[in-house]
Amino acid sequence: MLAERTKTKQNFYVRFENTKENLALLAYLQTLKNQKFVIYNSPAEVTKSEKEHIRLNTEIDNLSQLKAGWDGFDALKPNKKAINQAEDLVAMLSEKVLKYCALFPSNDSSVYLQGNFPKGGFAAYLNGESFSYFLKGENFKNSAADIELNDKIISKIENQICKNLT
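Described in the following lines is the structure provided in the data block.

## Considerations on the sheet that holds strand β4 (residues 101-105)
One open sheet accounts for 5 strands, arranged β4-β5-β6-β7-β8; its pairing is antiparallel. In this open sheet, the two edge strands, each paired with only one partner strand, are β4 and β8 (140-147). Adjacent strand axes in the sheet meet at a mean angle of 10°, parallel and antiparallel pairs treated alike. Alignment of strand β7 (residues 131-137) against β8, held across 6 bridges, turns out to be antiparallel. Residue Phe134 lies in a different strand from β8, and its bridge partner there is Ser143.

What follows is the structure in structure tokens.
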């Protein structure tokens, strides 16, 4: 059995051996109603349900390994706070949005999350302190600069993406 923690800086997976104690713990975790855990019955379920989160967390790991000069010139490596923001943003967005997104380093030590949706685009700039975003569709545009990354803002952005861009 696998358990996953979401909406945190890092997801983790735990494999439970089929002992009486572990099965009792798993039964307890499944009774929790506060959405702190998602319970999977097999690794295949994790792969199917969290494929985009896994893909983008792998991209974040790759960004964190970049060295200064990664572009062949004077680009700074992504800073730890921007990496943490990217982890938080990816954790807050749904699979249906993330399947259109990719992460990119910026030469000023920041990170970009960009989405190319059927009816428009999304770009988020994460500098480690605040973030800025831009949504643009055929008949829709929204943006904000230097704002706090939080669940309420990301929920609003996701709703706008789903309503106007997919």
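## Focus on the pattern of salt bridges
Per the stated rule, a full pass over the model turns up 3 salt bridges. Here Arg55 makes a salt bridge to Glu52, at a shortest N to O gap of 2.6 Å. Of this pair, Arg55 and Glu52 are both found in helix α3 (residues 51-64), 3 residues apart, which corresponds to roughly one turn of the helix. In this structure, Arg55 engages Glu59 in a salt bridge whose closest nitrogen and oxygen atoms are separated by 3.1 Å.

## Re the packing of α3 against helix α4 (residues 80-92)
At their nearest, the axes of α3 and α4 sit 10 Å apart, and the two run at 175° to each other. Judged by the inter-axis angle, α3 sits roughly antiparallel to α4. The residues of α4 that touch α3, namely those facing His53, Leu56, Asn57, Ile60, Leu63 and Ser64, are Ile83, Ala86, Glu87, Val90 and Ala91. Class assignment of the residues belonging to the contact of α3 with α4 gives a composition of 7 nonpolar, 3 polar and 1 charged.

Cut-off values and rules
Residues numbered from 1 in each chain as written. Predicted model: local features only at pLDDT ≥ 70, side-chain atom pairs only at ≥ 80, totals over all residues. Heavy atoms only, no water. Pairing = 2+ DSSP bridges. Helix = DSSP H or I, 4+ residues; strand = E, 2+ residues; numbered from the N terminus. Axes fitted to C-alpha atoms, helices over the stretch in contact; angles between N-to-C directions. Salt bridge = Lys/Arg side-chain N within 4 Å of Asp/Glu carboxyl O. Parallel < 35°, antiparallel > 145°, perpendicular 65-115°, else oblique. Contact = heavy atoms within 4.5 Å. Nonpolar A, V, L, I, M, F, W, Y, C, P; charged D, E, K, R; others polar.

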